[in-house]
Amino acid sequence: MTSSADARIGLGRGNGKVVLLGEHAVVYGMPAIAAGISLGATARATPSASSSIRIAERRAHAGDGSELITALERIRQELGAGPQQVEVDVEVPLGSGLGGSAAIGVAVSRALLATLGEAETPRRVLAGADAWERVFHGNPSGVDAAAAYAGGCIWFTKEAGPEPLFVDLPLQLVICLAGPPASTKQMVEGVQRLGERRPDLLGKSLAGIESLVKNAKLCIQAGDLSGLGQLMNYNQMLLSGLFLSTPEIERACAVARAAGALGAKLTGAGGGGAVVALCDGSPQTVEEALRAADFAAFSTVVQASVGGLRP
Ligand code: PMV
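Residues numbered from 1 in each chain as written. Predicted model: local features only at pLDDT ≥ 70, side-chain atom pairs only at ≥ 80, totals over all residues. Heavy atoms only, no water.

Enquirer: Break down the packing of helix α2 (residues 100-115) against helix α3 (residues 122-137) for me, with residues and values.
Expert: Contact pair α2 / α3: the axes reach a minimum separation of 8 Å and the direction vectors enclose 135°. Classified by the angle between their axes, α2 and α3 sit oblique to one another. As for the relative orientation of α2 and α3, their crossing is right-handed in sense. Here S101, A102, I104, G105, V106, S109, R110 and L113 of α2 lie close against α3, whose contacting residues are R124, V125, G128, A129, W132, E133, F136 and H137. Residues belonging to the contact of α2 with α3 are distributed by class as follows: eight nonpolar, five polar and three charged. (Axes fitted to C-alpha atoms, helices over the stretch in contact; angles between N-to-C directions. Helix = DSSP H or I, 4+ residues; strand = E, 2+ residues; numbered from the N terminus. Parallel < 35°, antiparallel > 145°, perpendicular 65-115°, else oblique. Left-handed = near helix turned anticlockwise from the far one by under 90°. Contact = heavy atoms within 4.5 Å. Nonpolar A, V, L, I, M, F, W, Y, C, P; charged D, E, K, R; others polar.)

Enquirer: Give a description of the side chain of E23 that names residues and reports values.
Expert: Mapped onto the fold, E23 is located in the loop between β1 (10-21) and β2 (32-47). A distance of 2.9 Å separates a polar atom in the side chain of E23 from a polar atom in the side chain of K265. Leaving out residues up to four positions away in the same chain, E23 has contacts with N235, L239, K265, L266, T267 and G268. (Polar contact = N/O pair within 3.5 Å; in protein donor to acceptor, adjacent residues only side chain to side chain.)

Enquirer: Tell me about the domain arrangement of the protein, residues and numbers included.
Expert: The domain architecture assigned to the protein consists of domain 1 (10-164) and domain 2 (171-302). Put simply, the middle of domain 1 and the middle of domain 2, counted by C-alpha atoms, are 23 Å apart. At the interface, 30 residues of domain 1 touch 38 residues of domain 2. Here domain 1 meets domain 2 over a buried area of about 2,600 Å², counting both sides, of which 75% is carbon and sulfur. Summed over the shared surface of domain 1 and domain 2, the number is one salt bridge. As a salt-bridge pair, E23 and K265 come within 2.9 Å of each other at their nearest N and O atoms. For the pair domain 1 and domain 2, the interface holds eight residue pairs in polar contact (both at pLDDT 80 or more). Put simply, the parts of the chain that give the side of domain 1 that touches domain 2 at least two residues each are β1, β2, α3 and β6 (153-157). A total of seven residues in the side of domain 1 that touches domain 2 trace back to one element, the largest contributor, which is β2. Here the residues of the side of domain 1 that touches domain 2 sort into 19 nonpolar, ten polar and one charged. (Domains from an automatic or database assignment. Buried area = accessible area lost by both parts, 1.4 Å probe. Salt bridge = Lys/Arg side-chain N within 4 Å of Asp/Glu carboxyl O.)

Enquirer: Got a sec to walk through the pairing of β2? Specific residues and values, please.
Expert: Alignment of β1 against β2, held across eleven bridges, turns out to be antiparallel. Bridged to G12 within β2 is A43. By the bridge criterion, four bridges tie β2 to β6 in an arrangement that is antiparallel. Note on β6: the bridge partner recorded for A32 is F156. With seven bridges connecting them, β2 and strand β5 (residues 84-90) associate as antiparallel partners. In the sheet register, A41 faces β5, and the bridge partner there is V90. (Pairing = 2+ DSSP bridges.)

Structure, rendered in structure tokens:
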């Protein structure tokens, strides 16, 4: 029997994320470009007689039937870990399209693997995070979890998974919250319903987004920030055409562009939640303009290297 004194405590961290281009299309097998941001989640797991989890102020216990405890049990089953007492501290605003749920899934998976004394691999961490995400998001593409894991800029397809995308210059981003978030599951289902009614419209939009994402990869590799910003603006137009934007998202994009952002678009599921703006040099002017327009905004930098994606 393991006493609490010699139980192995595991710590793990996951990053929040932004999708720079390609959300929703990624669900249909197209590529997306995403990046980890510095805000994230940290988990601490202690093997225990029965499972429990605390995420910020929310608590769940074995047998209470909550989604949180179900998600913890799914990660445990996936990774082969026993019952755990898990504590999670979260910096990324939850339910905003910034990958809070995936950051937690990655952090908890890493913490559980540490309690098992197992060296982590992308495959194991992402399998745990996927088991977690499926409880909340139905059928996630995996882009959130991959960015939460990698911490830098990634190229992602459902088929091939994440590949590091080396950024020639650090990307200065301002992120703002443009209204209450919508459910990712419902937004993804909305696009699916549109595709059933208007397959031609969805097909053309997906093909358009795919070209933008491919061109954006070239811009990132060449350090062409203004090209990247323009492609983000075009991606926003195509996302609006799929009914994923809102008046508040459009207003935030317009404020950011007027203040000098090179490009701005919704990030994640849309219908509310976060907007990402790419800045040239100092992001301060854009951040201040968004705050003056009553949006909560903060800056983050995507660095030139990717830490997490080592095999
Ligand atoms: O969960 P969100 O809001 O970060 O959206 C994830 C990106 C989507 O493409 C909309 C869904 C997915 O599973 O890829």
